[in-house]
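# Examination of the molecular architecture
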Amino acid sequence: MDLYLFDFDKTLYAYDNRKRLPALSRSTGVSEYHLAKTWWVGGFETRAEAGEWPSSEEYLAQFQRVTGAKLSLEQWQAARALASTRIPESVRALERASGLGTVSLLSNNPAPFAESLPVLAPDVTAIVGDNRLVSCQLGVRKPDERAFRLALERYGATAENTFFTDDSAENIAGAVAVGIHGHHLRYVDGVPQVGEMREAIEAFANRTA
């Protein structure tokens, strides 16, 4: 059985942090500048994605320690939802892949995302079910080759029978380095070229035909 791995942000859903920061600022009463400088520029989100704070409770506690902003999971979800917009053609491509083999997310994100996906993207959750690999749970972020090897191990898949799509060329390179078939989702004038993704999925599915 073939395995199809999909990135989430900017692949299945568009993402814009410029919409998220104002919502976080309104919820916490802390300025956008302070939140961005302390948490994101300070590298804490990247560390969270790598699993340093593996639960939502630990993440939110660390967020408060670093920024001084108390944030509930519901507030985190609301701000994240504002920054995320469904790419309908990509979700349809995911659904198509689900009829060809096993589908799973492989996403760089922190613990609240892993817990909140059914709230943030119920359509994606309905397709992938429990097949959601998030970097905070793996303990390693893409493009590290270990992330891809752990994904293969999780599903008992071989690299040659695995397809991966992501908007990051660097992440695609990490997948290709372990022998996975990678497709880079290109953006042209801000528009994701989902037709190319769909063609790549079909080509992979028919590679032995």
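Details of the structure are given in the entry above.
Notes on the structure follow. In this convention, every chain numbers its residues from 1, walking through the sequence in written order. Where totals are concerned, whole chains, interfaces and linings use all residues; where local detail is concerned, this predicted model gives features only for residues with pLDDT of at least 70, and gives and counts side-chain atom pairs only at 80 or more. Side-chain numbers here rest on the full set of heavy atoms in the structure, without hydrogens or water.

## What to know about the sheet that holds strand S1 (residues 3-6)
Stated formally: Here, a strand pair is defined by DSSP locating no fewer than two bridges between the strands. Segments assigned H or I by DSSP are reported as helices when at least four residues long, segments assigned E as strands when at least two residues long, and all are numbered from the N terminus. Orientation is described by lines fitted to C-alpha atoms, with helices fitted over the stretch in contact, and by angles between N-to-C directions that extend from 0 to 180 degrees. Between two residues, a contact is recorded if the distance between any of their heavy atoms is within 4.5 Å.
In space, the 5 strands of this open sheet follow the order S5-S4-S1-S6-S7, with parallel pairing throughout. The sheet terminates laterally at strand S5 (132-134) and strand S7 (181-184), the two strands that pair on one side only. The mean inter-strand angle of the sheet, taken between neighbouring strand axes irrespective of direction, is 20 degrees. Pairing of S1 with strand S4 (residues 102-107), which is carried by 4 bridges, proceeds in the parallel orientation. Within S4, the residue paired with Leu3 across the bridge is Thr102. Sheet strands touched by helix H7 (residues 111-120): S4 and S5. Its angle to S5, the strand with the most contacts, is close to 145 degrees. On the sheet, helix H11 (residues 169-177) packs against strand S6 (162-166) and S7 and is oriented at approximately 165 degrees with respect to S6.

## Some points on the side chain of Thr38
Our working definition: Counting of polar contacts relies on pairs of N or O atoms within 3.5 Å, with two restrictions inside protein: one atom must be capable of donating a hydrogen and the other of accepting it, and residues adjacent in sequence are counted only when both atoms are side-chain atoms.
With respect to the helices and strands, the residue Thr38 is situated in helix H2 (residues 32-40). Only 2.6 Å separates the side chain of Thr38 from the backbone oxygen of His34, close enough to count as a polar contact. A distance of 3.5 Å separates the side chain of Thr38 from the backbone oxygen of Leu35, its partner in a polar contact. With sequence-adjacent residues up to four places away left out, Thr38 is seen in contact with Phe44, Val66 and Thr67.

## A closer look at the packing of helix H1 (residues 17-28) against H2
Note the cut-off: Roughly parallel covers angles under 35 degrees, roughly antiparallel covers those over 145, roughly perpendicular covers 65 to 115, and oblique covers all other angles. Any residue that is not Ala, Val, Leu, Ile, Met, Phe, Trp, Tyr, Cys, Pro, Asp, Glu, Lys or Arg is counted as polar, Gly included; the first ten are nonpolar and the last four charged.
Two numbers describe how H1 lies on H2: the axes approach to 9 Å, and their chain directions differ by 110 degrees. As the angle between them shows, H1 and H2 are arranged roughly perpendicular. Counted together, Asn17, Arg20, Leu21, Pro22, Leu24, Ser25 and Thr28 of H1 and Glu32, Leu35, Ala36 and Trp40 of H2 form the full contact between these two elements. Residues belonging to the contact of H1 with H2 are distributed by class as follows: 6 nonpolar, 3 polar and 2 charged.

## Regarding the pairing of S6
Applicable threshold: Throughout, exposure labels follow a simple rule: accessible area from a 1.4 Å probe, protein chains only, divided by the maximum for the residue type, with under 20% read as buried, over 50% as exposed, and the rest as partly exposed.
Buried residues dominate S6, accounting for 5 of its 5 residues. Residues of S6 alternate between two faces, with Thr162, Phe164 and Asp166 on one and Phe163 and Thr165 on the opposite face, all of them buried. In this structure, S1 lies alongside S6, joined through 4 bridges in parallel fashion. If you follow Leu3 over to S6, its bridge partner there is Thr162.

## Topic: unusual backbone geometry
The step from Lys142 to Pro143 runs through a cis peptide bond, and the omega angle for that step is 10 degrees. Examined against the element boundaries, Pro143 turns out to sit in the loop between helix H9 (135-138) and helix H10 (145-155). Notably, Lys10 is not glycine yet its phi reads approximately 70 degrees, a positive angle. Within the secondary structure, Lys10 sits in the loop between S1 and strand S2 (13-15). Judged by relative accessible area, Lys10 falls into the partly exposed class, the value being 37%.

## Describing the nonpolar core
Soluble globular proteins: nonpolar side chains tend toward being buried together. Rules: Joining through side-chain atoms within 4.5 Å is the link that ties buried Ala, Val, Leu, Ile, Met, Phe, Trp, Tyr and Cys residues into a set, and such a set is a nonpolar core.
Counting 46 residues, the largest nonpolar core has Tyr4, Phe6, Phe8, Leu12, Val124 and Ile201 as its most contacted members. When residues no more than four places from it in sequence are discounted, the contact partners of Phe6 are Leu12, Ala93, Leu94, Ala97, Ser104, Leu105, Leu106, Thr165, Met197 and Ile201. Judged by nonpolar contacts, the second largest core, of 15 residues, contains Leu133, Tyr155, Ala157 and Phe164.

## Topic: the packing of H2 against helix H4 (residues 56-67)
As a reminder, the rule being used: Here a crossing is called left-handed whenever its near helix is offset anticlockwise from the far helix by less than a right angle, and right-handed whenever the offset is clockwise.
Remark: H2 packs on H4, axes separated minimally by 9 Å, with the N-to-C direction vectors making an angle of 115 degrees. Between H2 and H4, the angle is such that the two are roughly perpendicular. Where H2 crosses over H4, the two elements pack in a sense that is right-handed. Together, His34, Leu35, Thr38, Trp39 and Trp40 of H2 and Tyr59, Gln62, Phe63, Val66 and Thr67 of H4 make up the contact between the two elements. Its residues assigned to classes, the contact of H2 with H4 comprises 6 nonpolar, 4 polar and no charged.

## As for a negative patch on the surface
This is how the line gets drawn: By definition, no residue in a patch forms a salt bridge, and every one has over 30% relative accessible area; like charges are joined within 9 Å, nonpolar side chains (Val, Leu, Ile, Met, Phe, Trp, Tyr) within 5 Å. Using the Shrake-Rupley algorithm and a 1.4 Å probe, accessible areas are obtained, with residue cover drawn only from the displayed protein chains. Salt bridges, as used here, are contacts in which a Lys or Arg side-chain nitrogen is within 4 Å of a carboxyl oxygen on Asp or Glu. Two residue types count as positive, namely Lys and Arg, and two as negative, namely Asp and Glu; His and chain ends fall outside the count. Think of each charge as sitting on NZ of Lys, CZ of Arg, CG of Asp or CD of Glu.
A cluster of like negative charges, contributed by Glu57, Glu58, Glu74 and Glu115, occupies part of the molecular surface. Note on placement: Glu115 falls in helix H7.

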